[in-house]
Every structure is written in C-alpha cells, then in structure tokens.
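# Observations on chain architecture
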Amino acid sequence: QVQLVESGGGLVQAGGSLRLSCAASGRTFSRYLMGWFRQVPGKEREFVAGIWSSGARTFYADSVKGRFTISRDNAKNTVFLQMNSLKPEDTAVYYCAAGADTYRDYYESSTYLYWGQGTQVTVSS
C-alpha cells in the first residue's frame, strides 16, 4: 500500500514556474513507476509525465515536453514536477500516481495503482 500526498500547487501568471511535490508513504516507493496526470472539469484525466522506479527513464506528454521536468528522490520517497513557461491551458488539478514500471502503457491511468488527492494549478493570462 502506498499513500500519496501532493503539494506545491497554486496561482501563477503565464510564463511563470511552479514545482509540485508528491510525498509517498511506505518503504516500497523505490519500486514504483511514478506519474503525474492532470484533469480539468468535464474532461478525462490526461497523462503529463512519468518516471521509472530507478529514475533511468522519463516520459512526457507532447504538450509539456521541453517545459516540464519530472524527477524523484527515492531516499526521500518524493517525486517532483518542475513546471516552467506555464500556459493558461496548463490549468488543472494535478495528481501523482504510482504503478508498475512499463515501457508501453506509462500514459494510461489504468497502469497506476495508487493516486493522490490532487493539487490545483491555476495559470492566469
């Protein structure tokens, strides 16, 4: 069992930056693929970024590639999402999630077993 708690969301102007954190409980954090997803009302949850348990591979949605960076600190049971050059269309509730390492289905929400409660990110124009 893994419990996930996100933090770091807030209100920022377009072009600004935010850093999201996701703290995990339990001693097995280092075994899990970690992902960030986001959701706006009325739309499906969408994949943003993922990172293998070892940190050796990262994955990004095309919409955030070059602007967002996912990283993890297994010693501190924490995964991060550095978001730069934010745009109004990045406004959403951001969720972190934990699942099994995979090459192929890292963008599917069904790959992930555990989810946090979400943190709101609002980008003003």
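Residues numbered from 1 in each chain as written. Predicted model: local features only at pLDDT ≥ 70, side-chain atom pairs only at ≥ 80, totals over all residues. Heavy atoms only, no water.

### Some details on the pattern of salt bridges
Note that side chains of opposite charge can pair when their charged atoms are close. What the rule picks out here adds up to 4 salt bridges. The partner of glutamate 46 in a salt bridge is arginine 38, with the nearest N and O atoms 2.6 Å apart. Of the charged contacts, one joins arginine 38 and aspartate 90 as a salt bridge, the two residues approaching to 2.9 Å between their closest N and O atoms. Taken as a pair, arginine 38 in strand E4 (residues 33–39) and aspartate 90 in the loop between strand E8 (78–83) and strand E9 (92–99) lie far apart in primary sequence, 52 residues in all. Of the residues examined, arginine 38 reaches a relative accessible area of 6% and is grouped as buried. (Salt bridge = Lys/Arg side-chain N within 4 Å of Asp/Glu carboxyl O. Helix = DSSP H or I, 4+ residues; strand = E, 2+ residues; numbered from the N terminus. Buried < 20%, exposed > 50% of the residue type's maximum accessible area, 1.4 Å probe, protein only.)

### Here we look at the pairing of E9
Across the 8 residues of E9, 7 count as buried, placing the element largely inside the fold. Bridge count for E4 against E9 is 7 bridges, and the pairing is antiparallel. The residue bridging glycine 35 from the neighbouring strand is alanine 97, located in E9. Note that E9 and strand E11 (residues 119–124) share 3 bridges and pair antiparallel. Bridge pairing in E11 links tyrosine 94 to threonine 119. Direction of pairing for E9 relative to strand E10 (residues 112–115): antiparallel, over a ladder of 3 bridges. Opposite glycine 99, over in E10, you have tyrosine 112 as the bridge partner. (Pairing = 2+ DSSP bridges.)

### Points about the pairing of strand E3 (residues 18–24)
Most of E3 is tucked away: 5 of the 7 residues are buried. Where strand E1 (residues 4–7) lies against E3, 4 bridges are found, and the strand directions are antiparallel. From the neighbouring strand, glutamate 6 faces E3, where its bridge partner is cysteine 22.

### Remarks on the sheet that holds E3
Here we have 4 strands laid out as an open sheet, ordered E1-E3-E8-E7, and antiparallel in their pairing. With partners counted over all chains shown, the strands left at the sheet margins are E1 and strand E7 (68–73), one partner each. Going across the sheet, the axis of each strand differs from the next one's by a mean of 15 degrees, ignoring polarity. As paired elements, E3 and E8 share 6 bridges and run antiparallel to each other. Looking at the pairing, leucine 20 lines up with leucine 81 of E8. (Axes fitted to C-alpha atoms, helices over the stretch in contact; angles between N-to-C directions.)

### Things to note about the environment of serine 30
With respect to the element layout, serine 30 can be found in the loop between E3 and E4. Sequence separation between serine 30 and alanine 75 is 45 residues; the distance between their C-alpha atoms is 8.2 Å. Residues in contact with serine 30, not counting those within four places in the same chain, are Ser53, Arg72 and Asn74. (Contact = heavy atoms within 4.5 Å.)

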